[in-house]
Amino acid sequence: MHKAIRSLIACAGLLAGAAALHAQATLKVVVVDMAKVYDTHYKTEEANAKFNDAAQRAQEQLDQINKQIQSAADEYKSLVEQTKSPMANDQAKAKAGEDAQKKMEDIQRLQNEAQNFRVNTQRSLQQRAKNHRDLIMDEIMKVVNDMARAKGATLVLDKSGPSILGIPVVLYSDASYDITDDVVKEVNKDRPAPAAPAAAPATTAPAATNNAGGFTVPNVTPPAKKG
């Protein structure tokens, strides 16, 4: 009886070992650098160009408000000086004081307008960037999954980001298992042909900065990877 039980246990062990070996034999892993694919996707480049343009236009509007603030500040300073002028009578000084108070209210209104414009525009640009990023990442994920299935992979690892310990998630991978370049090629297969270069103007203005005066252009970059 005991011999029969021992035989059954041995057979069960052999079956478990065979199953483990079979599972190990069918496991196929591929790796992909999602950050590289994202950064080199032509739609990412297009989106970043659009956000740079939108941020530049917003900056120009903010600059106009700042000029109004500066002009109002100069007028306020002049009115205050009039209230102290020994050449002005009491009535003129009182009128200058009233005008100075109104001008200060205009300055405060413009400052609030500038602050609200800056905050709302930055929030809008960031939301647009997130929406574009999510759409592009969904497209990339579909390509990665389709390619992995076509290659018979059972597991895909992203090697682009560090773990919670600050070390790469994938410490080593054979280059033959890396599908990054194939994915980059696939997502860019529909890249539009570059437009013909326009004739150079007689004079060129200096390039404007993207973040002068407080605006930061929200590049359409993938979110930081969590460990």
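Provided above is the structure to which this section pertains.
What you are looking at is a predicted structure, and each value in this text was computed from that prediction instead of being measured. Here the residue numbering is sequential within each chain, running from 1 through the sequence in written order. With the structure being a predicted model, the display of local features is reserved for residues of pLDDT at least 70 and the display and counting of side-chain atom pairs for 80 or more, all residues being used for whole-chain, interface and lining totals. Excluded from the side-chain calculation are hydrogens and water; included are all heavy atoms of the structure.

Undergrad: I keep staring at the overall build of the protein chain and nothing clicks. Help me out?
TA: Each helix and strand in the protein chain was counted, giving 5 helices and 2 strands. Helix and strand definitions here come from DSSP, where helices need a minimum of 4 consecutive H or I residues and strands a minimum of 2 consecutive E residues; each element is numbered from the N-terminal end. Across the protein chain, helices and strands are ordered from the amino to the carboxyl terminus as α-β-α-α-α-β-α. The buried share of the protein chain, reckoned over its 227 residues, is 24%. Between two residues, a contact is recorded if the distance between any of their heavy atoms is within 4.5 Å. Expressed as a percentage of contacts within the protein chain between residues at least 6 apart in sequence, the contacts between residues at least 24 apart total 86%. Note on exposure labels: buried denotes an accessible area under 20% of the residue type's maximum, exposed denotes more than 50%, and partly exposed covers the range between, all computed with a 1.4 Å probe on protein chains only.

Undergrad: Please clarify how the pattern of salt bridges should be interpreted in this entry.
TA: A side chain of one charge can pair with a side chain of the opposite charge when the charged atoms of the two come close. Here, a salt bridge means any Lys or Arg side-chain nitrogen found within 4 Å of an Asp or Glu carboxyl oxygen. This model, assessed by the stated rule, comprises 13 salt bridges. Across the pair arginine 191 and glutamate 45 runs a salt bridge whose closest N-O atoms are separated by 3.2 Å. In this pair, arginine 191 is assigned in the segment after helix H5 (180-187) and glutamate 45 in helix H3 (residues 42-83), connecting sequence segments 146 residues apart. Residue arginine 191 is classed as partly exposed on the basis of its relative accessible area, which comes to 40%. The exposure class of glutamate 45 is partly exposed, given its relative accessible area of 40%.

Undergrad: For this particular structure, what's the right way to read the nonpolar core?
TA: As a rule of thumb, soluble globular proteins bury nonpolar side chains together. Residues grouped as a nonpolar core are buried Ala, Val, Leu, Ile, Met, Phe, Trp, Tyr and Cys residues, joined through side-chain atoms within 4.5 Å. If you look at the biggest cluster of nonpolar residues, it comprises 16 residues, and the most contacted ones within it are Val32, Val37, Ile140, Val144, Ile179, Val183 and Val187. Take this core: its biggest share by element is 6 residues, from helix H4 (residues 90-150). When near neighbours in sequence (up to four residues on either side) are disregarded, valine 144 contacts Val32, Met34, Val156, Ile179 and Val183. Membership of the second largest hydrophobic core comes to 9 residues, among which are Ile65, Ala72, Ala114 and Phe117.

Undergrad: Mind showing me how you'd approach the environment of arginine 128 here?
TA: Locating arginine 128 in the fold gives a position in helix H4. Separated by 77 residues in the primary sequence, arginine 128 and phenylalanine 51 place their C-alpha atoms 8.6 Å from one another. Other than its neighbours up to four places away in sequence, arginine 128 contacts Phe51 and Ala54.

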